[in-house]
Amino acid sequence: QVQFVESGGGLVQPGGSLRLSCTVSGLTFSLYAMGWYRQTRGQQRELVAAISSGGTTNYADSMKGRFTISRDNAKNTVYLQMNSLKPEDTAVYYCRSALGSRTIYWGQGTQVTVSS
C-alpha cells in the first residue's frame, strides 16, 4: 500500500516562503520520479516541478527561479521550496510518484494560500 504524508502548507503573505514536504512509503522511492502539481478550484491540475530518479529537475515556466524541488532518498522525501510567493500560487499542492507512464500515485494534497 502506497502512502503519502504531505506537510508544510499554510497561509503566507505575498513575497513569503514555504517548504512543502512529501514522504512516501510502500514503494521503492529511489526508483520513482517525483513531482509537485497544483490545482485551483475549477482548474486542471498543473505541473509545478518534477525531479527524476537521477536528480534531473524541470519546472513550469512561472515557477522557474522561485521554486526548487529536491529529494532525499534516504528519507523517502521530496521537497518543494517556494520563495517569492504570489497570490496566484494559491492552490492545493499534490505530491506525485511515477514509475514510467503507467504506475502513478498521488498524495492527498496540501493547501497553500498566499494572501495579505
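First things first, this report covers the structure right here in the doc. Nothing here was measured: the structure is a model prediction, and the numbers come from that model.

## A word on the state of the cysteines
Throughout this description, disulfide means a covalent bond between two cysteine sulfur atoms. Considering all chains together, one arrives at one disulfide under this definition. One disulfide in the model links C22 with C95; its S-S distance is 2.1 Å. In this structure, the disulfide formed by C22 and C95 twists by about -85° around the S-S bond and is classed as left-handed. Residue C22 is located in strand β3 (residues 18-25), and its partner C95 is located in strand β9 (residues 91-99); the two are separated by 73 residues in the primary sequence.

## Concerning unusual backbone geometry
Here N76, not a glycine, exhibits a phi torsion of approximately 50°, which is positive. Looking at the element boundaries, N76 is found in the loop between β7 (67-72) and β8 (77-82). Look at N76 and you get partly exposed, because its relative accessible area is 24%.

## Some words on the pairing of strand β4 (residues 33-39)
The buried fraction of β4 is high, at five of seven residues. Inspection of the sheet shows β4 paired to β9 by seven bridges, in the antiparallel sense. Looking at β9, one finds that Y37 is bridged to Y94. Across five bridges, the pairing between β4 and strand β5 (residues 46-51) is antiparallel. Within the sheet, the bridge partner assigned to M34 lies in β5 and is I51. Counted along the chain from β4 to the antiparallel partner β5, the turn is six residues long, and its residue G42 has a positive phi close to 80°.

Reading the values: rules and limits
- Residues numbered from 1 in each chain as written.
- Predicted model: local features only at pLDDT ≥ 70, side-chain atom pairs only at ≥ 80, totals over all residues.
- Heavy atoms only, no water.
- Disulfide = S-S within 2.5 Å.
- Helix = DSSP H or I, 4+ residues; strand = E, 2+ residues; numbered from the N terminus.
- Buried < 20%, exposed > 50% of the residue type's maximum accessible area, 1.4 Å probe, protein only.
- Pairing = 2+ DSSP bridges.

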